[in-house]
Amino acid sequence: MTPGTLIYVIGPSGCGKDSLMNYARSRCPGGEAAFAHRYITRAADAGGENHVALLPDEYQGRLDSGLFALAWDSHGCRYGVGAEIDQWMEAGLNVVVNGSRAYLPEAARRYPGMLPVLVTLDLGILRQRLILRGRETMDEIEARLDRAGAYSVSHPALVRLDNSGELSDGGRRLLELVRRRPARMRRAV
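Described below are features of the structure shown in this document. All values reported here derive from a predicted model rather than from experimental measurement.

1. So, helix α5 (residues 123-133)
Near the N-terminus of α5, the side chain that reaches the backbone nitrogen of G124, with its oxygen 2.9 Å away, is that of D122. Phi for G134, located one or two positions after α5, is positive at around 75°.

Here it is, written out as structure tokens:
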């Protein structure tokens, strides 16, 4: 059986990664792909992402036990993707994760055959989405916008997905990538 591919979705906070992933997930039978939840040291009701909320000590215990395939810190929180994704890929499923732009080099080292997908959009639209989300102050939003505009992402297989328009346009494009075969990838140790 050909192992599945890690599809590593990245982009600035508020660009619509979760919405795009939910669009693709709702249209993708379970035998085609698996959409991984992230484990985050953030309250479960923080809005937006359907994640597994962990206390800092819980997170550290799982990290120390090797239960995360990917793990990073960002914006005052700790993020992890469970080691179960390796089993899913070995079973032939493409696995979609909400990743981190800053962690991309390490993720690519661990999964050299991964497909990174960078979600982009107009900064004016991003500002509106961040304001509507209501998780940050205006100063925090402006800092996120500055970071989004200045952040450079590079990878030889990088796919850019513009999410400035209708969700269905970007969602269909992500779904095409999720369904792409043949998938070839193995985890490096």
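2. Here's the deal with the pairing of strand β5 (residues 68-74)
For β5, the buried fraction is high: five of the seven residues fall into the buried class. Of the strand pairs in this sheet, β5 and strand β6 (residues 77-82) are connected by six bridges, and their pairing is antiparallel. Looking at β6, one finds that A71 is bridged to G80. The antiparallel pairing of β5 with β6 creates a hairpin that spans two residues between the two strands, and H75 there sits at a positive phi of about 55°.

3. Quick notes on the nonpolar core
Proteins that are soluble and globular tend to have nonpolar side chains buried together. Counting residues in each nonpolar core, the largest one holds 26 residues, and the members touching the most others are L6, Y8, L70, I85, V95, Y111 and M114. Among the secondary structure elements, those contributing two or more residues to this core are β1 (6-10), β5, β6, α3 (84-90), β7 (94-98) and α4 (104-110).

4. Side note on the pattern of salt bridges
All chains considered together, the criterion is met by nine salt bridges. Of the charged contacts, one joins E176 and R173 as a salt bridge, the two residues approaching to 3.4 Å between their closest N and O atoms. Residue E176 and its partner R173 are both found in helix α7 (residues 167-179); the two are separated by three residues, about one turn of the helix. Classification of R173 by relative accessible area gives partly exposed; the value is 35%.

5. Here we look at the packing of aromatic side chains
Aromatic ring pairs are described here by two measures, namely the spacing of the ring centres and the angle between the planes. Counting across every chain of the model gives four aromatic pairs. Site record: aromatic cluster; members linked through ring pairs are Y39, Y59 and F68. If you follow R27 out to its NZ or CZ, it ends over the ring of Y23, 3.5 Å from the centre.

Reading guide: rules and limits
- Residues numbered from 1 in each chain as written.
- Predicted model: local features only at pLDDT ≥ 70, side-chain atom pairs only at ≥ 80, totals over all residues.
- Heavy atoms only, no water.
- Polar contact = N/O pair within 3.5 Å; in protein donor to acceptor, adjacent residues only side chain to side chain.
- Helix = DSSP H or I, 4+ residues; strand = E, 2+ residues; numbered from the N terminus.
- Buried < 20%, exposed > 50% of the residue type's maximum accessible area, 1.4 Å probe, protein only.
- Pairing = 2+ DSSP bridges.
- Core = buried A, V, L, I, M, F, W, Y, C linked by side-chain atoms within 4.5 Å.
- Salt bridge = Lys/Arg side-chain N within 4 Å of Asp/Glu carboxyl O.
- Phe/Tyr/Trp six-rings, centres within 6.5 Å; stacked < 30°, edge-to-face > 60°.
- Lys NZ or Arg CZ within 6 Å of the ring centre and 35° of its normal.

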